[in-house]
Amino acid sequence: MDFGDLFNRVNFNCLIDLILYGAENCMPPSSKTYAQRLKEANANARKFFKARYPNIDEYDEIVGYYNAQIGTYTEVYFEVGLLLGAKIGYQICTRLKELGANSEREWEEKTIE
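Residues numbered from 1 in each chain as written. Predicted model: local features only at pLDDT ≥ 70, side-chain atom pairs only at ≥ 80, totals over all residues. Heavy atoms only, no water.

### Concerning the overall build of the protein chain
Right, so step 1: Check the secondary structure of the protein chain and you find 4 helices and 0 strands.
Right, so step 2: When the helices and strands of the protein chain are placed in sequence order, the string is α-α-α-α.
Right, so step 3: In the protein chain, buried positions account for 5% of the 113 residues. (Helix = DSSP H or I, 4+ residues; strand = E, 2+ residues; numbered from the N terminus. Buried < 20%, exposed > 50% of the residue type's maximum accessible area, 1.4 Å probe, protein only.)

Right, here's the structure in full:
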């Protein structure tokens, strides 16, 4: 049985994409800095809108709607990610308590014998 695909999928970048976007994207991490990535994305979006909306009033209106949409998506996915992270954290704590309780019981049983 080949577990290669499974090991490729178990990495932080895949988990982030799954939580934030609802789908896996197991692309390697970007070699660019956060600032470079944001600047490039902004430049691409501006270039796209300015080419299609040369009238600055239309451009500003369209960009405003677009920014509002992106802001809403970002808030929703961030909140969902926090909730999922909290749930995972709770489950980990519960399991650690079980392990700790079992270890204490085993230790007590051994010392009583």
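This is not the end of the story, as more comes after the structure.
### Focus on the packing of aromatic side chains
Right, so step 1: The final tally for this structure, using the stated rule, is 4 aromatic pairs.
Right, so step 2: Note on Phe48 and Phe49: the rings are 5.3 Å apart at their centroids and 80° apart in plane angle, and the pair reads as edge-to-face.
Right, so step 3: Residue class for Phe48 comes out partly exposed when judged on its relative accessible area of 40%.
Right, so step 4: Joined through ring pairs, the aromatic side chains of Phe48, Phe49, Tyr53 and Tyr66 make up one cluster. (Phe/Tyr/Trp six-rings, centres within 6.5 Å; stacked < 30°, edge-to-face > 60°.)

### Observations regarding a negative patch on the surface
Right, so step 1: There is a patch of like negative charges on the surface, built from Asp57, Glu58, Asp60 and Glu61.
Right, so step 2: Structurally, Glu61 is set in helix α4 (residues 56-112).
Right, so step 3: By relative accessible area, which is 46% here, Glu61 ends up partly exposed. (Patch = residues over 30% accessible without salt bridge, like charges linked within 9 Å, V, L, I, M, F, W, Y side chains within 5 Å. Areas by Shrake-Rupley, 256 points an atom, 1.4 Å probe, with all protein chains shown as cover. Salt bridge = Lys/Arg side-chain N within 4 Å of Asp/Glu carboxyl O. Lys, Arg positive; Asp, Glu negative; His and termini not counted. Charge placed at Lys NZ, Arg CZ, Asp CG, Glu CD.)

### Focus on the pattern of salt bridges
Right, so step 1: Evaluation of the coordinates by the stated rule reveals 1 salt bridge.
Right, so step 2: In this structure, the salt-bridge partner of Glu40 is Lys32, at a minimum N-O distance of 2.4 Å.

### Examining the confidence of the model for the protein chain
Right, so step 1: The pLDDT averaged across the protein chain works out to 77; a share of 72% of its residues lies at or above 70.
Right, so step 2: Across the protein chain, element-level confidence peaks in helix α3 (residues 34-52) with a mean pLDDT of 87 and bottoms out in helix α1 (residues 4-9) with 61. (pLDDT = per-residue confidence, 0-100.)

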